[in-house]
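# Working through the structure, step by step
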Amino acid sequence: MLKNKKIVLGVCASIAAYKSAILLRLLVKSGAEVKVIMTPGALDFITPLTLSTLSKNPVFSEYSDTKSGHWNNHVELAAWADLILIAPATANTIAKMANGICDNLLLATYLSAKSKVAFAPAMDLDMYQHPSVIANMNKLTQFGNVLIPAESGELASGLIGEGRMAEPENIVSFVIDYFRKTNSLNGKKAMVSAGPTYEKIDAVRFIGNYSTGKMGISIANELKNNGAEVTLILGPSNQNNIDSSINVIRVESAKEMYKACVIEAAKSEIIVMSAAVADYTPSRVSDEKIKKTANDLNLSLEKTPDILNKLGEVKKTKQILVGFALETNNEYDNAVDKLNKKNLDFIVLNSLNDKDAGFQFDTNKITIIDKKLKSQVFELKSKKEVAKDIVNKIISLTV
Ligand code: CTP
């Protein structure tokens, strides 16, 4: 199940380190190749000999091996890994990871990660609930790392509650599930557009909209998580939670977005147009700031190119084309109209009548309507979860 998968297992100073041996055994049994990095403190809890015997690989804990004079290159270890799994992850290591502290080999490898990083915390009840620990774990997930939540049960301190490292069997299930999902879009090229566009009026003003780019960025990240090679065409947005291996092309106006999308879509098998593209742009742009002289000012606007419409016209048979419809009334009919007119495989309908959904929220409520007019109505969810529903629909069309 994990054949040919390369995993760096990070072990920190926790009593749960004894479970790392069981976890390692299970990973190896499932076919994974595992290299272990221990923090210096972890050496007090379990011996490298146990872990090197089980992994059939040397165990690393220092930057260099003084006896052999060999340098344990963190960049190479990070590049080697298909997944970095830190289990157990202590409050201390989590805090250091969240703040870019790099005082041991495991942290240096984490900071050099090319792969996904998953961490399974282990700590006492009160520590696990401490606001600083929660804030650090949230920070790590915002960076794109995956939390394997602690489980409830009897803790080493004798207290009973949440804080035990997830059972090795559950961590292995997580890893298998992760690789199953990551592989599904392997080798596929995807293009996602996100954010608003700004249409210049003069040197200091523009026409824009309230889109933040959050929804499109979540979709791009999720496509990446599933193995696609992703290009994100992003209008003005201050979001910074974009997976670092996504190719980001920044644009400002609808016209710039059009040019970038046409070029990138031609190279892509999956295209998701989630940007809130301005429909009109000023016919004339003043190079200088327009002065406040007359009592009223009329702006003449002209239509922008409809990017999605164009991509629908030139759509290749094997391409999957996805659009959004943001509606305030007659939602379903308007969405179906756009689905047909723009030659889409499916459309994601947002209604501004739904509370906490749409622009600027961290949550969204969508209905997916496909070209057979099969519709799926989803609950209000975080945009990350909504992105999973959209990407799952895309995956279902690729198989
Ligand atoms: N879209 C686009 N280019 C535009 C306008 C919209 O590619 N110039 C795309 C959006 O990214 C979205 C879809 O078309 O995926 C529908 O956008 P929406 O604003 O809901 O609809 P419009 O087609 O612009 O029609 P209307 O504004 O009349 O509802």
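Structural data are supplied above this passage.
These numbers were taken from a predicted model, which means no experiment stands behind them.

### A few points about the site of the ligand
In the region of the ligand, 16 residues are neighbours, and Met 273, Ala 275, Leu 308, Phe 324 and Lys 342 sit closest. Between the ligand and Phe 324 there is a distance of 2.9 Å, counted from an oxygen atom to a backbone nitrogen or oxygen. One of the side-chain nitrogen or oxygen atoms of Lys 342 is found 2.5 Å away from an oxygen atom of the ligand. Burial of the ligand by the protein chains amounts to 76% of its free accessible area of 570 Å². According to the grid-proximity analysis, the pocket containing the ligand is the second largest pocket. Of all the elements in the fold, those that place two or more residues in the shell around the ligand are helix H11 (307–313) and strand E18 (320–327). In terms of residue count, E18 provides more of the shell around the ligand than any other element does, 4 residues in total.

### Some points on a nonpolar patch on the surface
Together, Tyr 280, Leu 297, Leu 299 and Leu 301 make up a nonpolar patch on the protein surface, roughly 390 Å² of accessible area in all. Of note, Leu 299 is situated in the loop between strand E16 (280–282) and strand E17 (301–303).

### Comments concerning the layout of surface pockets
A volume near 900 Å³ is recorded for the second largest pocket. Ala 275, Ala 276, Val 277, Asp 279 and Phe 324 are the residues nearest the centre of the second largest pocket, which is lined by 36 residues in total. Of all the secondary structure elements, the ones that give two or more residues to the lining of the second largest pocket are helix H9 (214–225), H11 and E18. Its residues placed into classes, the lining of the second largest pocket shows 16 nonpolar, 13 polar and 7 charged.

### Thoughts on the nonpolar core
Core analysis: the largest hydrophobic core is formed by 32 residues, its most contacted members being Leu 27, Leu 85 and Ile 171. Breaking this core down by element, the ones donating at least two residues are strand E1 (6–11), helix H1 (17–29), strand E2 (33–38), strand E5 (83–89), strand E6 (116–121) and helix H8 (168–183). Each residue touching Ile 171, except ones within four places of it in the same chain, is listed here: Leu 23, Leu 85, Ala 87, Ala 120, Ile 148, Met 165 and Ala 166. Counting residues in hydrophobic clusters, the runner-up holds 31 residues, among them Met 215, Ile 217, Ile 242 and Ile 320.

### Some thoughts on the packing of aromatic side chains
This model, assessed by the stated rule, comprises 3 aromatic pairs. Centre to centre, the rings of Tyr 178 and Phe 179 are 5.1 Å apart; their planes meet at 65 degrees, and the pair counts as edge-to-face. Phe 179 shares its class with Tyr 178; the two are buried. The positively charged end of Lys 35 is found above the aromatic ring belonging to Trp 80, 4.4 Å away from the centroid.

### Comments concerning the packing of H1 against H8
For the pair H1 and H8, the least separation of the axes is 9 Å and the interaxial angle reads 40 degrees. Judged on the interaxial angle alone, H8 and H1 are oblique. Pair H1 / H8 crosses with right-handed handedness. Touching Lys 19, Ile 22, Leu 23, Leu 26 and Leu 27 of H1 are Pro 168, Glu 169, Ile 171, Val 172 and Val 175, all from H8.

The rules behind each value
- Residues numbered from 1 in each chain as written.
- Predicted model: local features only at pLDDT ≥ 70, side-chain atom pairs only at ≥ 80, totals over all residues.
- Heavy atoms only, no water.
- Near = heavy atom within 4 Å.
- Polar contact = N/O pair within 3.5 Å; in protein donor to acceptor, adjacent residues only side chain to side chain.
- Areas by Shrake-Rupley, 256 points an atom, 1.4 Å probe, with all protein chains shown as cover.
- 1 Å grid on protein atoms, 1.4 Å probe; cavity = no way out; pocket = protein on both sides within 12 Å on 5 of 7 lines; lining within 4 Å.
- Sits in = over half its atoms within 2 Å of the grid points.
- Helix = DSSP H or I, 4+ residues; strand = E, 2+ residues; numbered from the N terminus.
- Patch = residues over 30% accessible without salt bridge, like charges linked within 9 Å, V, L, I, M, F, W, Y side chains within 5 Å.
- Salt bridge = Lys/Arg side-chain N within 4 Å of Asp/Glu carboxyl O.
- Points joined across faces, edges and corners; volume = space filled by probe spheres on them.
- Nonpolar A, V, L, I, M, F, W, Y, C, P; charged D, E, K, R; others polar.
- Core = buried A, V, L, I, M, F, W, Y, C linked by side-chain atoms within 4.5 Å.
- Buried < 20%, exposed > 50% of the residue type's maximum accessible area, 1.4 Å probe, protein only.
- Contact = heavy atoms within 4.5 Å.
- Phe/Tyr/Trp six-rings, centres within 6.5 Å; stacked < 30°, edge-to-face > 60°.
- Lys NZ or Arg CZ within 6 Å of the ring centre and 35° of its normal.
- Axes fitted to C-alpha atoms, helices over the stretch in contact; angles between N-to-C directions.
- Parallel < 35°, antiparallel > 145°, perpendicular 65-115°, else oblique.
- Left-handed = near helix turned anticlockwise from the far one by under 90°.

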